[in-house]
Amino acid sequence: MNLKTLKDLDVKNKRVLVRVDFNVPLEDGKVVDDTRITEALPTINYLREQEAKVILMSHLGRPEGKVVEELRLEPVGHRLAELIDDHVLTLTDCVGEEVQRAVEGMEEGDVVLLENLRFYAAEEENKKEFAHQLAELADVYINDAFGAAHRAHASTEGVAHLIPAAAGLLLEKEIKTLSEVMSDPAKPFVAVIGGAKISTKMGVINKLLEKTDNLLLGGGLANTIVKAAGVEVGKSLVEEEMLAEAKQLSEKKDSKLKIPVDVVVAQEANNTARTRISNINDIKPEEAIFDIGAETIKEYTEIIKKAKTVIWNGPMGMFEQSNFANGTNSVAKAVAEGDNKSVIGGGETLEAVSKLALTDRVSFVSTGGGAMLEFMEKGDLPALEPLKKQDK
Ligand code: ADP
Ligand code: MG
């Protein structure tokens, strides 16, 4: 994919509006994981070296079009200031006269962070008027928010049509890495997909089935496939409306597509629940599946260890409870220890890998969950459209 990138644009001394993904977890008014902020630093630092006026904007959480005090970006601005060891002016609005005045007062190299974009419903509705208000603040626009690139919102898509626009360094790196993996992976190419819902991942699962040498499924989403194949899954999490599609998938199950042969079951979803490992065909009506079993772990980790390219999204079980974390932890270790190019993405997947202190041993950690899956499936994202180089 041929995107206009930061270095194609003249940003020297310009007012540059940068869409970042600062949708970070907060606790007690503090940023508890600043990965998404640190990942945006190369773009921010480059712009400051070019003596640009850097106007950052992001969403945070789901305020749904109104001001929510807990979702103000002030703590994020505070953390960013520490990271760049300089002043960051965090505003209490993202459009309007006061914002315009603050931007007019900026000097070269200054950094301003606008307030949470989603305090306005017009952001997610991609309203022209709102996009214009954002565009008026700057001379050029940079999109560095890979994690939000699967959404055509005013700040990710609308505004890019209004002033010269290009991809930031993080967005460029994400697209380049994921494109390479999907188009020319070293073989064997193995994908591991888990997590809660099959409805959000069916598209990418079908795509990966074409591309990979092995596709390993686990987590809640495998339950729906198991049930669709006519197997008793008791009280397990199942998406009834996905059973028909899941049945088609279960029929493709062969040496390439793997679903669990055994699972960890319990009657309750907590850490003190009594658990047992059950063959996939022996689950009792009062039990639910919460992890993959020992035999499945052995099969999956052996396949992963032989892979030259691995993509992993989605935990193998309810890993937040230690008695259901074994499958996820074993997969994480196999991915990290293998002699491979490994790509992981997804909020809970990153959390699981980080808990084991294995993040540094993964080749590429994507900042996008939904965006990564959609890009792997479709090879494109709505926010990329206005950033593409026109064929001459
Ligand atoms: P990611 O954020 O990595 O993309 P998902 O959001 O799709 O992952 O899914 C993660 C969630 O799935 C975790 O919170 C985990 O507890 C849940 N989960 C995994 N397996 C099961 C299961 N068998 N039953 C219920 N929940 C599960
Ligand atoms: Mg998640």
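This section reports on the structure supplied with the text. What you see is a predicted model, and the numbers here were worked out from it, not measured in a lab. (Residues numbered from 1 in each chain as written. Chains lettered and ligands numbered in written order. Predicted model: local features only at pLDDT ≥ 70, side-chain atom pairs only at ≥ 80, totals over all residues. Heavy atoms only, no water.)

With that settled, the discussion passes to the overall build of the protein chain. Counting secondary structure elements, the protein chain contains 13 helices and 17 strands. Dimensions of the protein chain, computed from C-alpha atoms along their principal axes, come out at roughly 70 × 50 × 35 Å. Buried positions account for 55% of the 392 residues belonging to the protein chain. Of the contacts made within the protein chain by residues no fewer than 6 positions apart, 74% connect residues no fewer than 24 positions apart. Just so you have it, the protein chain exposes about 17300 Å², and 45% of that area is on carbon and sulfur atoms. Treating the 48 positive side-chain charges of the protein chain as one cloud and the 66 negative ones as another, the clouds have centres 5 Å apart. (Helix = DSSP H or I, 4+ residues; strand = E, 2+ residues; numbered from the N terminus. Buried < 20%, exposed > 50% of the residue type's maximum accessible area, 1.4 Å probe, protein only. Contact = heavy atoms within 4.5 Å. Areas by Shrake-Rupley, 256 points an atom, 1.4 Å probe, with all protein chains shown as cover. Lys, Arg positive; Asp, Glu negative; His and termini not counted. Charge placed at Lys NZ, Arg CZ, Asp CG, Glu CD.)

What follows covers the sheet that holds strand 14 (residues 288-292). The strands making up a sheet associate through hydrogen bonds between their backbones, and the pairing can be parallel or antiparallel. Taken in spatial order, the 3 strands of this open sheet run 13-12-14, and their pairing is antiparallel. Whereas interior strands pair on both sides, the edge strands pair on one side only; in this sheet they are strand 13 (275-279) and strand 14. Direction aside, the axes of adjacent strands within the sheet are offset by 40° on average. Here helix 10 (residues 294-306) sits on the sheet and contacts strand 12 (262-266), strand 13 and strand 14; the angle it forms with strand 14, its principal contact strand, is near 35°. (Pairing = 2+ DSSP bridges. Axes fitted to C-alpha atoms, helices over the stretch in contact; angles between N-to-C directions.)

Quick look at the side chain of Lys-388 now. Within the secondary structure, Lys-388 is located in the segment after helix 13 (370-378). For Lys-388, a relative accessible area of 18% corresponds to the buried category. Within the local environment of Lys-388, its side chain forms a polar contact with the side chain of Asp-380, the two groups lying 2.7 Å apart. Non-local contacts of Lys-388, meaning those with residues more than four positions away in its chain, are made with Met-1, Asn-2, Leu-3, Lys-4 and Asp-380. (Polar contact = N/O pair within 3.5 Å; in protein donor to acceptor, adjacent residues only side chain to side chain.)

According to the stated counting rule, one finds 2 aromatic pairs in the structure shown. An angle of 35° between the planes, with centres 5.3 Å apart, marks the rings of Tyr-120 and Phe-130 as tilted. Within this pair, whereas Tyr-120 is found in the loop between strand 6 (111-113) and helix 4 (121-124), its partner Phe-130 is found in helix 5 (residues 128-135), the two being separated by 10 residues in sequence. By relative accessible area, Tyr-120 is classed as partly exposed at 29%. (Phe/Tyr/Trp six-rings, centres within 6.5 Å; stacked < 30°, edge-to-face > 60°.)

Bringing the sheet that holds strand 10 (residues 214-217) into the picture now. With parallel pairing, the 6 strands of this open sheet are ordered in space as 11-10-9-15-16-17. Each having just a single partner strand, strand 11 (257-258) and strand 17 (364-365) make up the two edges of the open sheet. Strand direction decides the pairing type here: strand 10 and strand 11, joined by 2 bridges, are parallel. Each residue of the ladder has a partner; that of Leu-215, found in strand 11, is Leu-257.

Before going further, it helps to examine helix 8 (residues 220-228). Taking burial as the measure, the 9 residues of helix 8 include 8 buried ones, the bulk of the element. Those residues of helix 8 lying buried are Gly-220, Leu-221, Ala-222, Asn-223, Thr-224, Ile-225, Val-226 and Ala-228. For helix 8, the elements touching its buried residues are strand 9 (189-193), helix 7 (202-211), strand 10, helix 9 (243-251) and strand 14. After helix 8 finishes, the residue Gly-230 shows a positive phi value of roughly 95°.

Close to ligand 1 lie 19 residues; Lys-201, Asn-313, Glu-320, Glu-348 and Thr-349 are nearest. Separating an oxygen atom of ligand 1 from a side-chain N or O atom of Glu-348 is a distance of 2.7 Å. Thr-349 places a side-chain nitrogen or oxygen 2.5 Å from an oxygen atom of ligand 1. Summarising the interface, the protein chains cover 83% of the accessible area of ligand 1, which totals 580 Å² for the free molecule. Secondary-structure elements contributing two or more residues to the shell around ligand 1 are helix 8, strand 14 and helix 12 (347-355). (Near = heavy atom within 4 Å.)

The final tally for this structure, using the stated rule, is 27 salt bridges. Put simply, Arg-15 and Asp-139 hold a salt bridge, and the shortest N to O gap is 3.0 Å. Of this pair, Arg-15 sits in strand 1 (residues 15-19) while Asp-139 sits in the loop between helix 5 and strand 7 (140-143), and the two are 124 residues apart along the sequence. Residue classification places Asp-139 among the partly exposed positions, given a relative accessible area of 30%. Each of Asp-34, Arg-79 and Glu-82 takes part in salt bridges that share partners, so that together they form one network. (Salt bridge = Lys/Arg side-chain N within 4 Å of Asp/Glu carboxyl O.)

Checked against the element boundaries, Ser-278 lands in strand 13. Considered as a pair, Ser-278 and Glu-172 are 106 residues apart in the sequence and their alpha carbons are 45 Å apart. For Ser-278, the contacting residues outside a window of four places in its chain are Asp-262, Val-263, Val-265 and Ile-283. Among the polar contacts made by the side chain of Ser-278, one reaches the main-chain carbonyl oxygen of Asp-282 at a distance of 3.4 Å.

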